[in-house]
Amino acid sequence: MTLKKIVKQVGALGVACSMALGALSAQAEETIKVGVLHSLSGTMAISETTLKDTMLMLIEEQNKKGGLLGKQLEPVVVDPASNWPLFAERTRELLEQHGVDAIFGCWTSVSRKSVLPVVEELNGILFYPVQYEGEESSRNVFYTGAAPNQQAIPAVDYLKDEVGVERWVLAGTDYVYPRTTNRILEAYLKANGVAEEDIMINYTPFGHADWQNIVAEIKRFGSAGKKTAVVSTINGDANVPFYRELGNQGVSAEDIPVVAFSVGEEELSGIDTAPLVGHMAAWNYFMSEETPENEAFIKAWHDYIGDTKRVTNDPMEAHYIGFNMWVKAVEAAGTTDTDKVIDAMVGVEVPNLTGGTSKMLPNHHITKPVLIGEIQDDGQFLTVSRTEELAPGDAWSDYLEGSKDLISDWTAPISCGNYNTQTKSCVGATAE
Amino acid sequence: MNSICRLTPRHAVQQWLTRLLLLCVCSLPLHASAQEAEPAPAQPTFDELVSQLATGNLRQRAATVEQLATHQDERLADILNALVAGDLLASKDKPPVIAIRSGDQLTNALDGSDLTGAAGLRRIPVNNSLRTQLRGMVAQLNLTHPNSDKRYDAVQRFIRDGVDGETAALLRERQPTEGSGRVSDAIDAALALFDLQTGDRDQRMAAIDTLSGSLEQEARNALRSVAENDEDAELRSAAAKAIESIQGRIEFYRFIENVFFGLSLGSILLLAAIGLAITFGVMGVINMAHGELIMIGAYTTWGIQVLFPDLIEWSLLIAIPAAFLITALVGIAIERGVIRFLYGRPLETLLATFGLSLVLQQAVRTLFSPLNRSVTSPEWISGTLSINPVLSITYTRLYILLFGLAVFFALLLVMKRTTLGLKVRAVSQNRAMARAVGVRSNWIDALTFGLGSGIAGVAGVALSQITNVGPNLGQAYIIDSFMVVVFGGVGNLWGTLVSAMSLGLINNFLEPWAGAMLAKVLVLIMLILFIQKKPKGLFPQKGRAAAD
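The rules we used
Residues numbered from 1 in each chain as written. Chains lettered and ligands numbered in written order. Predicted model: local features only at pLDDT ≥ 70, side-chain atom pairs only at ≥ 80, totals over all residues. Domains from an automatic or database assignment. Contact = placed C-beta atoms within 7 Å. Nonpolar A, V, L, I, M, F, W, Y, C, P; charged D, E, K, R; others polar. UniProt positions renumbered as here; feature names shortened; annotations may be inferred. Helix = DSSP H or I, 4+ residues; strand = E, 2+ residues; numbered from the N terminus. Pairing = 2+ DSSP bridges. Buried ≥ 20, exposed ≤ 12 C-beta atoms within 10 Å, placed from the backbone. Right-handed = clockwise from strand over helix to strand, strands pointing away. Arc of directions from axis to C-beta.

1. A short note on the domain arrangement of chain A
A common way to state how big an interface is: give the accessible area lost once the parts meet.
Residue and element names in this part refer to chain A.
Part 1 of the argument: Domain boundaries in chain A define domain 1 (30–148 + 290–366) and domain 2 (153–289 + 371–392).
Part 2 of the argument: On a C-alpha basis, the centres of domain 1 and domain 2 stand 28 Å from each other.
Part 3 of the argument: Contact residues are listed per partner, giving 25 residues for domain 1 and 20 residues for domain 2.
Part 4 of the argument: Here the residues of the side of domain 1 that touches domain 2 are counted per class, giving eight nonpolar, 12 polar and five charged.

2. Focus: the UniProt feature "transmembrane region" (unreviewed entry) in chain B
Part 1 of the argument: According to UniProt, the feature "transmembrane region" (unreviewed entry) maps to residues 259–282, 314–334, 346–364, 398–415, 482–506 and 512–531 of chain B in the numbering used here.
Part 2 of the argument: In the segment residues 398–415 of chain B, helix accounts for 100% and strand for 0%; the C-alpha atoms at its two ends are 26 Å apart.

3. Brief notes about unusual backbone geometry
Residues and elements named next belong to chain A.
Part 1 of the argument: Note that the residue after A412, namely P413, is joined by a cis bond; omega there is 5 degrees.
Part 2 of the argument: Even without a glycine there, the phi angle at C106 is positive, about 75 degrees.
Part 3 of the argument: Relative to the assigned elements, C106 resides in the loop between β3 (102–105) and α4 (109–121).
Part 4 of the argument: Phi at H364 takes a positive value of approximately 65 degrees, unusual for a residue other than glycine.

4. Some remarks on the sheet that holds strand β1 (residues 88–90) of chain B
Residues and elements named next belong to chain B.
Part 1 of the argument: The strand order across the open sheet built from four strands is β3-β2-β1-β4, with neighbouring strands paired in antiparallel fashion. Here the strands that pair on one side only, and so sit at the sheet edges, are β3 (105–108) and β4 (122–123).
Part 2 of the argument: Looking at chain direction, β1 and strand β2 (residues 98–102) are connected through three bridges and run antiparallel. Considered in β2, the bridge of L88 is made with I100.

5. Side note on the pairing of β3(A)
Residue and element names in this part refer to chain A.
Part 1 of the argument: Both faces of β3 are covered, namely the face carrying A102 and F104 and the face carrying I103 and G105.
Part 2 of the argument: Looking at chain direction, strand β1 (residues 31–37) and β3 are connected through four bridges and run parallel. Among the inter-strand pairings, V36 is bridged to a residue of β3, identified as F104.
Part 3 of the argument: Pairing analysis gives two bridges linking β3 to strand β4 (residues 126–128), with the strands arranged parallel. Bridge pairing in β4 links F104 to F127.
Part 4 of the argument: Handedness of the crossover joining β3 and β4 through α4 is recorded here as right-handed.

6. Concerning helix α18 (residues 419–429) of chain B
Residue and element names in this part refer to chain B.
Part 1 of the argument: Within α18 the residues assigned to the buried category are K423, V424, V427 and S428. Viewed end-on, α18 has its buried residues packed into an arc of 130 degrees, placing them on one side of the element.
Part 2 of the argument: Against the buried residues of α18 lie α13 (233–282), α17 (395–417), α19 (431–436) and α20 (441–463).

7. Regarding the interface of chain B and chain A
Part 1 of the argument: Opposite the 44 residues of chain B that make contact, chain A presents 42 residues.
Part 2 of the argument: For the side of chain B that touches chain A, the secondary structure elements donating two or more residues are α7 (128–142), α12 (217–229), α13, α16 (346–368), β6 (391–394), α17 and α22 (493–533) of chain B.
Part 3 of the argument: By residue class, the composition of the side of chain B that touches chain A is 13 nonpolar, 24 polar and seven charged.

Written out as structure tokens, the structure is:
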């Protein structure tokens, strides 16, 4: 970075500060406040900063179109600093002090779990944009990322049916999302006749850097004469050394393909992708999708951020869908009153960026296409499989004991996040 | 034929119908009846097929490749090799220009003309299944390639895909003329695999004999299936014996691999900790910002690669002195600006340097963005040294191991054989006496801290090759570094070496058995128990050197 650029950035910071101060004092006329709850510092800043920028861009665009209900939208950005309890505090601050009408935020499941009691207590609205493990449904949360049946299960189906995989390595980072997803996948694989000894499960800590042992083990596991694949729920930074080690040990995608649920364009932009070509990822959006909506979105993003090298990714699309849905619901309800907006949300349809129309379901999940892509050497994905129709998100997995009878439906008459279809009753807060 | 007729789609029913329709349209002036047109399906020429590669979806591309293989054309090998390597480009024109890329050169795939500098060429995408199909085809063509590595890969590919009669014939033809020992061994193994399935009893016996010397995974699997399922008891026992001897050798190589992995992990710990062994071990400064100094070293590597994009191959060698200088200067600034006011107050030093580490992290985040930076690995450091099919050593790890040892011995030399080292040791043992004999202890403090910091920066260069270069890089290594220094014995460089290597080995042998998570916990528990027993670590300082 040149000195000039640094000076420019510092200058820009100063201008931004003074503008913010000016905006505070000039905020006489009424606005609709939108909370943006993404970590701008700490470990998760790498992923979440982009989402903050996405939100600011979407809000700016909406304001250019004349705002919402005749009022301008005002973003309120807070920094929970990758600190899970701080997420709850910041949410309280957003709802109580700033009185925001909707919050767009969180990335990790643990941060969402931390925010959950607060939005429920203060009756706020949270849009959660990241793929997650399911087994949750709250009246105050809209899950615009993928549930396991919109990502993990179709990816395994693809490997099983199209690639002919018979032996499975389920590798993940040691926390709630990989553990739950792998529990679901293990149950699903066993239900499909995969033997116990053909499944290897491995957990590693956050930020794990020394992969040589595990990769060697995967190589050995894959040398039993059956086609082997790795289903990776490895999260965040740890992916880079993992893929690098795979490349170094000569594990190519043709021998042992890795399909990842947390590796997108943004993560790939930090690595030399040459050794990764052919490894896969399952998402509901790829930057390489050639639709007019996507091209417009990418152009808007590049214009906003001022750098044509920046990539777009799946959680960004989730925010795009979520924000547009919220705008539509507020317009339909004619008010930003939480209860009315929550009721108006169900059934709202907005175009997504892959050429379809996503719809908010009664369980507060949305319909999405499932795409499976192979990594190319430019860090983009080549779509090799896509579902014919949009898959509806399922809050409670059909493959786990204890959750397969549960459904979520926030419309009358059920109006329950964990309704047991067998006993015909709402389980309430005790559901696990 | 006019050009419309060429564009027949390749899908069964649709293809048939379209072809019929097109043939009707195209051949109306020539043929009176449709029956006559029936036996003359448009057989696309080689050039047409190559142009078709650029269009259609992946399935159609696979079908086109299939058809291409039936053509005997000397351009085929180059085109398929380029396609599988992602070096076959196409323009969006109709018909598209197809080009082969090698380095910066672009040549037209069909007429060989030079296209270097042409714009608008995009890579023809291939996926895994197409790539696998292509590799099989390329293998057949590469069997007579002048490069022995290519021939070896080709035979390996046959072994992996299963040897059938056709390929066995090809291999038998090649066998007598093969010059490279490695390739001819592979051919023997491939033919033995074929004989094991199809030969008569004697041939099969001989095949088992040949395969018992092979460490190939396919050989093992083939033998296993004979040992378990064959009708002939003698063959079964021969196969079982062969597997046993293979298994013994595999165990041996696996042990070697584990030791190497352990040492390699140890060398990373050593690199991370060795700077701390100076600042904490010799000077007694609890420097929580040590990890951030490593991070600065890693960012220097990235900076060098950004500044000199043409010198990627040399970037690491340039980065080593650069990182040393930059982090040493940062270290000296930290010492002069903060630490010198806090000597003798370990708690305050700890808090101040911890705060400093947060400042440095956030500074990097603000200056460079919170995103990880991509550091490219030079060609010579990537890849594996493949000793045999079950033992291969990655070059990155090998170089880092050697580099770690080199840094260690260089530092040892500085401490034991130079005036600076002598003064450092003098100041750390008895400051007042050292000052009395004319050592400028302030300067020595700054220089020592600079030396320790500089080495942390050099470690950062090495770490940039195996982990993420981002603001959090340092945090991942600070705990491990302290662990190594404390375990080895504060103030003892040899202790640091032994402790880093043993922690690496212990961790590595525990990991397959306990899992990565539990292994770390167990190592920490063992360490705590050890420190209870021997509070001064493995090699405590004795005599006058011991501070108290």
